[in-house]
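Residue strings, one per chain:
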Amino acid sequence: MDYLIAGIQVGFIYALVSLGIVLVYRATRILNFAHPDFATFGIFIAIDILDKYGDKSAWVYILAGGAGAILSACVSFIIYFFIIYEGQKRGVSPLGLTIVTIGIAYFFQSLEIIIWGADPKAVPHFVSGKFSLMGIELTWHFAVIVVVSLTIMFILYLLIMKTRLGIALRAISQNLDASRTLGINVRFVVGFAFFLSSLASGIAGILIAPVYSVDQFFLFDPFLKAFIGAVIGGLDSPPGAIIGSLIVGITESLFGGYVSIKYKTAFIFFIGLIFLGIRPEGIFGKEIKERV
Amino acid sequence: MLLQIKNIETVYYDRLYVIKGVSLELNEGEIRIVVGPNGAGKTTLLKSIAGLIKDQPRKGEILFANQNIARKSAEKISKMGLILVPDDRGLFPELTVEENLKLAGWDKKTDSYIFDIFPNLKAKLKEISNYLSGGEQQMLALARAILKKPKIMLLDEPSFGLAPKVVSELFRIIADLRKEFGMSFLIAEQNVRASIEIADYGYIIEEGKIVFQGTPSDLRDSELVKELYLGGSVKKPEKGWQLYKRKRRW
Ligand SMILES: Nc1ncnc2c1ncn2[C@@H]1O[C@H](COP(=O)(O)OP(=O)(O)OP(=O)(O)O)[C@@H](O)[C@H]1O
Ligand SMILES: [Mg+2]
């Protein structure tokens, strides 16, 4: 039971990261390898803010975490707006730009070492203690992760489905030329997708930071798992990404608990590969078709 | 003159010459058609004007309201008031009719006039646009373009795939739009018979060049058009590399 709960907990984290991957992929066909690094950058700032306050009340956590996540989102927006978009405008292919994001990832990792050093940092828990729900013992940390994740998913859903910006974002992923002829500001709207994407990951990173030791790479592993979650659920489908990520989180945790903790990551990759083999578009994805 | 195209040249991949020095004009409130066989370059011509082919047209000028819009971005050209309705209608297939309209600035309260022009759309607002019939999709594409209040609409084969009755309705609507809003149209068509009825002037394009131009009666008298009317016989076999490029265009 504990493994299942741990799996759900980490599954929600993967889901938030995975939503970000899918949002950007849908709009650009780019796999953003700098995705975890934008979030990490914000988290370092959040830690700095936390360190400034001796008294760590819940409000300080929310303030620091929120500021960090918004900063990640802004960094992400700026990188798209000034670098990636310029590449797109010049006709660089999505694959080429995916490789550019690897370069950007290295840049941020190095920058973080220069500013904050290479030593991992410990982030204190923001909630502690347990409670019992229908006979199941749960931590408050678990509860916060689930509630915050669901809230963010719901907000993202509203933003993407109901607002004009969200409609424009979906339009761009369906027909870029038509979006441009209708005068949709592609640069801004896709920048908005990057913003949301990193906002979600930034929050995911902050939620999970207390159980990891935070260094430049600490979100890379969740990023890979989230990516596999997205592959399983469908790189094109936000609900698919959420469900795929939960599957990954739960499987990983159960496998780690009952079979072998050493090989759990390898096992997840193995499952990802199997999915790529039998259903490359994922459970919820549509048939993969290239965009021109 | 609203639109004046001077000797433009469009080249794909730096070596595939598709538009080879085309000049044409469009006055305010006019409907002009561009007809020609498959592969003549009609679509390429319209896309070049709308700014949808990167860095093209690489030569020549496109004066729209006395500004050169050649190689300007599609967003900018659209904002200036020139809109292309492409041959695939350019809808957002997974969005509803309403969402498609909203992206063109449709406002529930003030823009009900759109349903006076296209009454069919009103009952289908919540439908996914991909599930509309071909005719309805074309109407939606037009409605969306109208909402942008353009001065010029470029229509790429608007009658393609539509039943004859729908085609005549479509051209009637286009003629009405010209009358009511004073919009100008440049229409690429294979359906000469229907489009010539509403046209003020026509061009025949073959292999990227204008080979004939004139008023509807000039066109009706021309041997070239008679050939096109008959259909089939003008369709030149494509060269091997053309076929290859065409296949590659998923
Ligand atoms: N994106 C592209 N890349 C390369 N070549 C292209 C591209 N689009 C069109 N062509 C080529 O340019 C030529 C003209 O094509 P275009 O689509 O403009 O003709 P068209 O007159 O619109 O034909 P149709 O009546 O079939 O629509 C063709 O030989 C075609 O293969
Ligand atoms: Mg065409």
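To keep things clear, this report deals only with the structure shown in the data block. (Residues numbered from 1 in each chain as written. Chains lettered and ligands numbered in written order. Predicted model: local features only at pLDDT ≥ 70, side-chain atom pairs only at ≥ 80, totals over all residues. Heavy atoms only, no water.)

Right, let's talk about the site of ligand 1 for a bit. Residues and elements named next belong to chain B. Lining the immediate environment of ligand 1, one finds 17 residues, of which Asn38, Gly39, Thr43, Thr44 and Gln190 sit closest. Contact distances for ligand 1 include 2.8 Å between an oxygen atom and a side-chain N or O atom of lysine 42. Counting only elements with at least two residues in the shell around ligand 1, the list comes to β2 (16-26), α1 (42-50) and α11 (240-247). The element best represented in the shell around ligand 1 is α1, accounting for three residues. Classifying every residue of the shell around ligand 1 by side-chain character gives six nonpolar, seven polar and four charged. (Near = heavy atom within 4 Å. Polar contact = N/O pair within 3.5 Å; in protein donor to acceptor, adjacent residues only side chain to side chain. Helix = DSSP H or I, 4+ residues; strand = E, 2+ residues; numbered from the N terminus. Nonpolar A, V, L, I, M, F, W, Y, C, P; charged D, E, K, R; others polar.)

Glancing now at helix α1 (residues 2-28) of chain A. Residues and elements named next belong to chain A. End to end, α1 covers 39 Å across 27 residues, agreeing with the expected 39 Å (1.5 Å per residue, within 8%). The buried fraction of α1 is high, at 22 of 27 residues. Once α1 ends, the next one or two residues include arginine 29, with phi positive near 65 degrees. (Expected span 1.5 Å × (residues − 1). Buried < 20%, exposed > 50% of the residue type's maximum accessible area, 1.4 Å probe, protein only.)

Each partner contributes residues to the interface: chain B has 23 residues there, and chain A has 23 residues. Summed over both sides, the interface between chain B and chain A buries roughly 2100 Å², with carbon and sulfur atoms accounting for 57% of that surface. Put simply, chain B and chain A have two salt bridges between them. Linking Arg170(A) and Glu99(B) is a salt bridge whose minimum nitrogen-to-oxygen distance equals 2.9 Å. Where chain B packs against chain A, one counts seven residue pairs in polar contact (both at pLDDT 80 or more). Of all the elements in the fold, those that place two or more residues in the side of chain B that touches chain A are α2 (74-80), β6 (82-85) and α3 (97-103) of chain B. (Contact = heavy atoms within 4.5 Å. Buried area = accessible area lost by both parts, 1.4 Å probe. Salt bridge = Lys/Arg side-chain N within 4 Å of Asp/Glu carboxyl O.)

Ranked by size, the top nonpolar core spans 133 residues in total, and within it Leu103(B), Phe118(B), Ile174(B) and Phe185(B) carry the most contacts. The dominant element in this core, judged by the number of residues it contributes, is α1(A), at 15 residues. Apart from the residues lying within four places of it in its own chain, the contact partners of Ile174(B) are Ile31(B), Leu155(B), Phe185(B), Ile187(B) and Ile198(B). The next biggest cluster of nonpolar side chains, apart from the first, holds 32 residues, and it includes Leu16(B), Val22(B), Ile77(B) and Tyr203(B). (Core = buried A, V, L, I, M, F, W, Y, C linked by side-chain atoms within 4.5 Å.)

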